Structures are given as C-alpha cells and as structure tokens.
Amino acid sequence: MKHRLVRLATLTILILAVPQALFAQSRNTGAIKGIVTDETGGRIPGVLVEISSPDMIGGTKAVTTDKTGSFRFPDLPPGTYTITYKMDQYQTLRREGVRIEATKTFDVDAQLTPHEGEETIVVTGEGPLVDVTNAANSQNLSEEYLQNMPVAKFQPDTLNLAPGINNDSAFGGGGSSANAYQIDGVNVSDPEGGTPFAFFNYNIIQEVQLVALGAPAEYGSFTGVVFNSITKSGSNDFGGLVEAYYFPPGLVGRNTRDPSIEFPKIERSYDTTAQVGGPFIKDKLWYFISAQYLRDDRSSGGPLRTEKDPRLFGKLTWQINPNNTFEFWGEWDRFDVTGRGGDAFTPLEATVREDAPEWDWNFTFRSVLSKNATLNFAYTGWYGYFYLDPEKGYGLPGRVNSNGYASQNSPYYYLADRYKHVANVTLSLFSDSFITGKHDFKFGVEVERSRTRNRYGYPQGVYYYDVVYGSGPTSPSNPIYYSYAYTGYSYDTKATSQRLSAFVQDKWQVNERLTIEPGVRMDFNRGSVPGEANIFRTAPVAPRLGFSFDLTGKKKSKLYAHYGRYYEALFGAYYNQLMPNGFTGLDVYLVDSNGFYLNDPNIMFDPANPDVTLRESSLSHDARKRLVDRDLKHPYVDQYILGVDHDLGHDMSVSGMLIYRRNKDFIESVSTSDFEKVTAINADTNAPVKLFNELDPNAPLLITNPNGLKREYTALKLTFEKRFSKRWLALASYLRSHATGNLDNVDFSSSQGNNNSGQNGGPSTFLDTPNSFINADGTLSNDPKNEWKIQGYYQVPKAEVGLSLIYVYYSGRTYTQVGRATCFLADPMDPNSCSESFNGATSVRYFTEPRGSRRLDPYSNLDFRAEKFFPFEGGSKLGVFANVFNVFNKGEDTAQFIRQGSSFGDTRFFSSPRTFSVGMRYNF
C-alpha cells in the first residue's frame, strides 16, 4: 500500500505540471491584483507596478499591466506592502501600508492622472478589507492583535478569541478533536484523536488564520475549524525581541465564599522569550532564532504542581534565485510537570510526573516554474512522546478510598508515543482562455503517514479502592475494612495511519462581478495495527461549491454562499482497539486490609472458591473482541453558509452570515448481542425505569456507523472589524446559535464524567448498549446560544500608552442529570423483586431527562491590558505592561456534577479568579 500511495502521488504531480498561466497563493500567503485606469475610466496597459515589503525576501518585485490594464502578484507572505504605479506622462502613484493576509486576494486598483514631470502622489493606509472573489469568511488575527491583547499566551488557546468558537468547539463542532491544528499550513494535530500536540512559543507566530466557513477543497481533515499559525521569518534588518512575563504570587483573588472551592495558589510563575532575526545576505538569506523558558509553580488546595518548559526555534529563508525560495525551520521543546493531578484529595505521592519532549521540522519550497505556473512543496514532520509516570515508580500500587482520597502512589500510568510526517504539493494555474472568464486553478496532493502507541495500566498490576463496611446501621462500631482490588487491566495499542489526499479547486471569475468556486477533494485513508494490515479503509469524496457577487461593482461589498462537505481527520483512535491482544481484561477481587480474600456472606463472596472474582475479565469492555464494519464510512459535516461582507472604508468592515451544519456517519462501537427490555429500579430514587439488559456480554463489539446518530448547528453571525491603523484596532461580534443532536460536541476525552454523553474522536462505550439513546436527543453541551465578543486596542497619542481589552459573554453550557440502576425486576409484577444484575455491568447509567435540560449561568469575562512605551533612537522600543484577567473577579460554575444523588448540581469546575501579570517587552 505504501508504494502504491507514493506512485499515485508522483503520477498526479507529473500530470499537474503542465505549463499554463498562473495566479493563486498557498495557505500561508496572500495575493494582490488590480486594474489601472485613467481619469476617464479607460484601462492603461504597460504600467509598471512595483511592490516591496520588509516581510518579502528578494527585494522589489515588478510586473506591467496587460492589455486590459490588469496586474497580479501571487504568493505574497503576510505583511505590510508598498505598491508603486509608474507610467510615462502620468503622475507616479505610491500606496503605502497595504496589508496582505494569508489566503486572501485583495484588489488594489489605481487611477493615474496625466502629468508632465516626476511628481509622486503618496496614499497611506486605507487598504482593501473585502476579497470580493472569495466565497469564504475566514478570520485572520494579525501580529499587532496577537502582541497587544491581554492573553495568557498559550498558543492553542488563540482560536477561542475568534467569533463562534468557545471551549475549542468551533461552530458547534466536537471540541478540539474536530479542529485541524496547523503550523505554516501543515497539520500537526495528534494523530490519535486530533487534539493539539505541538505547543509552540506564542511569540514566534506572525499571523493566525482560522478557516472553516466556506473553506475550499484545499482544506480537509476537520469538521470544526482549521487553525493555522504562520511563523515569523527574518528580514533585511537586524531586529528582535526580549520579553518577560511574571505573575505576582500574592495577586490572586477569590471569587466565591464557598470554602470547598480551591483556587490556584501561585508560588512562582514566569515566562521569558528572547528572539533575533536578520540577514546573512540581504535579499538572499535570512535567519530567525527564538528561545523560551517558562516556569510555573502553583497548587489548588493540594501539592505543588511544577511545570518547566524550554523551547527553541530556528528558521532560515533562502531566495535561491528570483523564481525559487526555500525555507526550513526546526523546533524542540519539553513539557515537564511534577505533581500533575494533585489537589485537595490527591497528595504528591499519588500524582504522576509528565515527561513530554518533542521535535518538529518543516521544509518549504516555492518555485515560479514560468510566468505561467507556480509550484509549492511543504514537508513537515514531528516526533514526541507524552509519558505520565507514577510519582513513586512502578513497584507500588496506588490506593483511593471511598471518600475520594488517594494515597501511596498514582493508581495508573499512561505512556503515549507519536510520530507524524506530512507532505503536500500544490500547483497554481491561471487561464483567461478556458471556456469564458478567468480561472484560477489549484491542484494538490497531500500524503500523511503517522504512528501512535498508547500504554496504560496499574503500577504493580493492581490498584485498591478502600472501603469501610459495617454489618449494619445498628452496629457502626464494628466496621470491616476491605478493598476492591482492580487487577489485570492494561492496554498496549499501536496504530499506523496512511492518507493520500488529492484536490482540485477553481476560482472562476465569470465577469468583473461574479465568481464561482467549484472544487472537490478525495481522501484515501488506510489504518493498520500489528498483524492486521489496512484494517481501516475509507475513501470519502468531498464536493465544494460557492459563489461570490460584487454587489456594487466597486469591490467593496459581496454577497456570497457556499456549500461544502468536510470529513474528519484519520484518527488512530478509530481502529487501534482492533489490535489483537492489545487489551487485558479487568478482574475485581475483594480483599481484606492484609490482602487476603474476604469471607463475608454479606458481600456475596464465596470463601470456598477464592478464585471467583466479583467481575469476570471477559466482561471488561476493553477486553472484548472488536469487529469492523467493512462498509464503514468516514464521519463528515455538511455546511451551508450565506453571507454579506461590506468594506466601510477607513480600514473598517462589517459582515453578516447565516450558518447551517449537519454532522453524519459518526463512528462508534455497538454490541452484536441481543438485548431484552427490563424494568429496572433507580438506585437513588427507587423509581422504575425501562432499560435494556445485554443477553451476551461476551459478544463482540462492532465498529460501525450506527443509525440515528446526529448533530445539527444553526447560527447567525454578525462581525465588525477594524484593522490596525491610526493607533487602534477592534474585533466585535454577536452570534445567535443552537446546537442539537444526540451525540455531544465535546472532545472524545472529555464527556463531563459520564459515558452517556457521547463524544468525538473514536469508538467509546457510549453506544455499546441502547441505554445510551434514552433521553439522548436535545441541546448539546457546547451551545453558546447568545455570544458577544468585544476586543480592542488603542494607543493613546503622545502618552505612548497602549490600552486593550477582551470581553466575552455567552450562555452557559448545558448539562443533564444522569441516573443509575444496579438491578432489574426478577418478577415484572413484583416491584420488590429487584435482584437481577445487568450482564456485563455492575450498574447502568442513563439520562433521567432530555439532553440539555439544564443550563449553567451565563459566562462573562473581561480582561484588560495597559502598556507604557519608551521609544529610543533607531526605532527600538521598551514596553512595560500589566495584564488583569477577570477584571471584575466574577465567579461562575463552568461544570457541575451530573450524577443523580446528593452531589448532583454541585460545582465541578469554577471560573478562575482575578489574577495579574506584569512584564516588559523590548523590541529592537
């Protein structure tokens, strides 16, 4: 299979490399085009158009307008550009401060005035904001935004600043697992389940690009949002940054009087960065180097959690010749934590140590094959591991008592190894002689190969759940101390994923006002485990179609619509459970305080047969045999958008959009057993409830696309944006949305502590029995309903002071009560005969009410930043700043206990209190 993928990719690239005419850009670059006219509106051919920018290697670039007065500059790195228009017998026109953003094509038209002489007219700022030929609505966050807003500077969290994204859930998507995390256009998400795995220094990012609504066929492997971070490069000028953040230990508030809620106590916390860039050879070879060290020591009512993160990054940009550019960067980091998992119930000896180093690299080659064709090649790879080792080693079991207190050692270990290689090639072509109008064609191939390994188990093969058992309420003075000994359960799974993707995309400019964007993408997905080659096989086809219409003909407003099908990434979690002998079953024994089997009839244990366990290993979910549906389909979302964007002038724009999304073909595991409907008794209320009992708990689990699973999202999104100019910028939005279905939109590793909520990222216990469908339809957890985001930055004139804020408000997350039953009626006519145990389960949990019946209070938060600048000769500048997070010290539940009983509705997670950080930043 590997050789077939390579041959197919090579053949596709050769077929695509047919010289035609060019115009397009990569995921990391933008483009400029325009028309030059005279005072009467007549088009002027032969005008010399030059562009220059400190962000573009190779010096000034120039083209001349064609017979229609048109010009174009493709494949420009994001940054600020100067455009000069020159023609004999006309005044020279120079436009300064034109901002180029990744993936966007801006029209920069010019009108020249006849003039004898060498006079130059200079126009500053007022760059275009609306790409009227694009049927998409992407959100780009500029360097000015990233560096001046009050943020915690954890790079993956940046996506939550954008409209429509909260708790990593983008437009109703399934948490971070649904997103594609990219660095310079190549996916670096965890191949196991799609969550972030590469954690880069926030300060090396030049621009963040968020693509989801109307994404063309070039983008795949996501159903939430593509989160692309574009790294900084050197320049012709030597420069750099020195920055230090510090969190004063005493400046942490308390935003509730509830004594049971613990807040972080900061012992020591700082984050330092030093970076430098410049030319080895001007306009030829640039370098950029960055180093970071972060230290964070804090506790939450328990032991000290210590985090140490060193990070190194280096990048070279080489203009080989005017037509060929090569870039390389490499990154190394470590994420080391002691005391992970510590809290008021978990002392240091019961925590784990996190050891997580990582190596990342990227090669990019861009070539102008002729004036008619551009080729882009990128190759990214990374290797890392994520080990959670027990604090006291592997020779001592952990213990947890019935009150939740841990002791002696961590009850588990977890070891994850990751390896990923991704290469993509794109060819961009332009034609004004194909059918009619102008066509910007883009063809591409992407190949991915990744490996994952996950190991989990108990230190010394066992962990103890300690219980005090009395012979009855009348004799509490005669307790019996015993433990459940959980033994044997462990897993060691390996998965190898191979993906070949190919796409074709056309931007067909039918006339000056109408653009149509047809495209299609196909993914060939293959997954293997040791002993089972290509056990997972899908080949989804994703059509895309959109249009954009210039409403006024002045390139200021557009009406656009787009339909697209977007498939999930190829996750190892889809099929790694199919690995033969990857899991060992769970045995649960009853032992006394000395480790001997108990002899107590009240606990229903037979002393004559001490090898009989409380739960047979064959009943363990993870040890059951798995089968895969040979007609398995890949999960996807169908997305429809309709929007209007308008450039208000003065670097301001507004947009309005209607969004509809529908997810289908989720992958889950279901039991192949038959079920009987029984009348069970709720263990907390004694109320009867209709549930299902699995007749054969040893029956294999089938990994398939179960019928009836669904998720839908509708929204109205309104946005106002002010690009940074004249000392200020702003981004404000309102979103009215609704997310419904019967499979929740949370990460596969986060289901609010209950297996009935459903998840993303791979087969789970959610659908093993039909009990999961009870009351399963309703409002999903991440349903912001009403969302406001207001963000802004302002530089006070003369005072050299910068002020910024981020305000967020959205309706609280929903939650649903979960009940449990431990037995069902032996005699359906006798309500007191609840003596039959469920096969394969000590208890069954189910929703007691429709999903999303309850909602937390609305979440709101205001963060603020103030910075004083001290400019120096030569352009360097020192800034001293302070951030205030949660300015009003608001306290709000962010998650609650959902299991029925005395703790139902109690706070599970609480919002962080007011904290401060101070620091300095020196730019030179």
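Residues numbered from 1 in each chain as written. Predicted model: local features only at pLDDT ≥ 70, side-chain atom pairs only at ≥ 80, totals over all residues. Heavy atoms only, no water.

Participant: Help me out: how do you make sense of the overall build of the chain in this one?
Facilitator: Tallying secondary structure elements over the chain gives two helices and 58 strands in all. The C-alpha radius of gyration of the chain comes to 30 Å, within 12% of the 29 Å expected for a compact globule of 924 residues. Its C-alpha atoms give the chain principal-axis dimensions of roughly 110 × 60 × 45 Å. Within the chain, the fraction of its 924 residues that count as buried is 56%. Taking the contacts inside the chain whose residues are at least 6 apart along the sequence as the reference set, 71% of them involve residues at least 24 apart. Approximately 37300 Å² of the chain is accessible, and the part contributed by carbon and sulfur atoms is 55%. Computing the positive centroid from 92 side-chain charges and the negative centroid from 102, the chain places the two 3 Å apart. (Helix = DSSP H or I, 4+ residues; strand = E, 2+ residues; numbered from the N terminus. Rg over C-alpha atoms; globule rule 2.2 N^0.38 Å. Buried < 20%, exposed > 50% of the residue type's maximum accessible area, 1.4 Å probe, protein only. Contact = heavy atoms within 4.5 Å. Areas by Shrake-Rupley, 256 points an atom, 1.4 Å probe, with all protein chains shown as cover. Lys, Arg positive; Asp, Glu negative; His and termini not counted. Charge placed at Lys NZ, Arg CZ, Asp CG, Glu CD.)

Participant: Could you clarify how one ought to interpret the sheet that holds strand β43 (residues 701-704) in this entry?
Facilitator: Note on sheets: strands pair through backbone hydrogen bonds, and any given pair is parallel or antiparallel. What the three strands build is an open sheet, ordered β37-β43-β40; its pairing is mixed. Bordering the open sheet on either side are β37 (626-628) and β40 (668-671), each of which pairs with just one other strand. Here the average twist between neighbouring strands, direction ignored, is 35°. Alignment of β37 against β43, held across three bridges, turns out to be parallel. (Pairing = 2+ DSSP bridges. Axes fitted to C-alpha atoms, helices over the stretch in contact; angles between N-to-C directions.)

Participant: It is not clear to me how the sheet that holds strand β10 (residues 137-141) should be interpreted in this structure. Could you clarify?
Facilitator: One open sheet accounts for five strands, arranged β10-β15-β16-β13-β14; its pairing is mixed. A strand with exactly one partner marks an edge of an open sheet, and here the two such strands are β10 and β14 (186-187). In this structure, β10 lies alongside strand β15 (residues 205-213), joined through four bridges in antiparallel fashion. Across the sheet, residue L141 finds its bridge partner in β15, namely V208.

Participant: Looking at this model, I keep getting lost on the confidence of the model for the chain. Mind explaining?
Facilitator: The predicted coordinates should not be examined in detail at positions where pLDDT is low. Averaged over the chain, the pLDDT score is 87; the fraction of residues at 70 or greater is 90%. Segment residues 1-24: pLDDT under 50, and 49 contacts once partners within four positions in sequence are set aside and those in other chains are kept. Predicted confidence is poor over residues 599-621, with pLDDT under 50, and the contacts of this stretch with residues over four places away or in other chains come to 48 contacts. (pLDDT = per-residue confidence, 0-100.)

Participant: For this particular structure, what's the right way to read the nonpolar core?
Facilitator: One broad rule of soluble globular proteins: the nonpolar side chains tend to lie buried together. By size, the foremost hydrophobic cluster in this structure holds 73 residues, and its most contacted members are L210, F222 and I659. Residue contributions to this core peak at six residues, all from β15. Ignoring anything within four residues of it in the chain, the contact list for I659 reads F171, L213, Y640, I641, Y713, T714, A715 and K717. Formed by 21 residues, the second largest nonpolar core is a distinct cluster that contains I83, Y85, F106 and A110. (Core = buried A, V, L, I, M, F, W, Y, C linked by side-chain atoms within 4.5 Å.)

Participant: What am I meant to see in the side chain of T273 here?
Facilitator: Among the secondary structure elements, T273 is positioned in strand β18 (residues 265-281). At a separation of 3.3 Å, a polar atom in the side chain of T273 contacts the side chain of N203. Leave out the neighbours within four places in its chain, and T273 touches N201, N203, L241, V242, E243, S290, A291 and Q292. (Polar contact = N/O pair within 3.5 Å; in protein donor to acceptor, adjacent residues only side chain to side chain.)

Participant: Where do I start with the state of the cysteines in this structure?
Facilitator: Cysteine pairs can be linked by a disulfide, which is a covalent bond between their two sulfur atoms. Counted by the stated rule, this structure contains one disulfide. Here C823 connects covalently by a disulfide to C834, the sulfurs 2.0 Å from one another. Residues C823 and C834 are joined by a disulfide whose S-S torsion is about 115°; by sign, that bridge is right-handed. In this pair, C823 sits in strand β50 (residues 818-825) while C834 sits in strand β51 (residues 834-836), placing the two residues 11 residues apart along the sequence. Assessed through its relative accessible area of 14%, C823 is described here as buried. What makes C834 partly exposed here is its relative accessible area of 23%. (Disulfide = S-S within 2.5 Å.)

Participant: When you look at the side chain of S833 in this model, what are you seeing that I'm missing?
Facilitator: Tracing the chain through its elements places S833 in the loop between β50 and β51. Of the polar contacts made by the side chain of S833, one reaches the backbone nitrogen of D827; its length is 3.0 Å. Here the side chain of S833 touches D830 through a polar contact of 2.7 Å, landing on its backbone oxygen. Apart from the residues within four sequence positions on either side, S833 is in contact with F824, L825, A826 and D827.

Participant: Would you explain the pairing of strand β44 (residues 711-725) in this entry?
Facilitator: Regular strands place their side chains on alternate faces of the sheet. Sheet topology note: the strand β39 (residues 652-664)/β44 ladder contains 12 bridges and is antiparallel. If you follow M657 over to β44, its bridge partner there is K717. Taken together, the 13 bridges between β44 and strand β45 (residues 728-741) define a ladder with antiparallel strand orientation. The residue bridging E712 from the neighbouring strand is T740, located in β45. Taken together, β44 and the strand that follows it, β45, pair antiparallel across an intervening segment of two residues, in which K726 is found at a positive phi of about 50°.

Participant: Is there a simple way to think about a nonpolar patch on the surface in this case?
Facilitator: A cluster of nonpolar side chains, namely L642, L658, L716 and L718, defines an oily patch on the protein surface of about 320 Å² accessible area. Take L642: its relative accessible area is 42%, and that puts it in the partly exposed class. (Patch = residues over 30% accessible without salt bridge, like charges linked within 9 Å, V, L, I, M, F, W, Y side chains within 5 Å. Salt bridge = Lys/Arg side-chain N within 4 Å of Asp/Glu carboxyl O.)

Participant: When you look at unusual backbone geometry in this model, what are you seeing that I'm missing?
Facilitator: Glycine aside, negative phi is the norm for most residues, and most peptide bonds take the trans geometry. Phi is positive for T103, close to 70°, though the residue is something other than glycine. Take T103: it is sitting in the loop between β6 (92-100) and β7 (105-107). In this model, Q460 sits at a positive phi of 60°, which is unusual for a non-glycine residue. Tracing the chain through its elements places Q460 in the loop between β27 (438-457) and β28 (462-470).

Participant: Which parts of the structure should I look at to understand the environment of G381?
Facilitator: Here G381 lies in strand β23 (residues 373-390). Note: C-alpha distance between G381 and R537 (156 residues apart in sequence) is 23 Å. G381 has contacts with W359, D360, W361, K420 and H421, leaving out every residue within four places of it along the chain.

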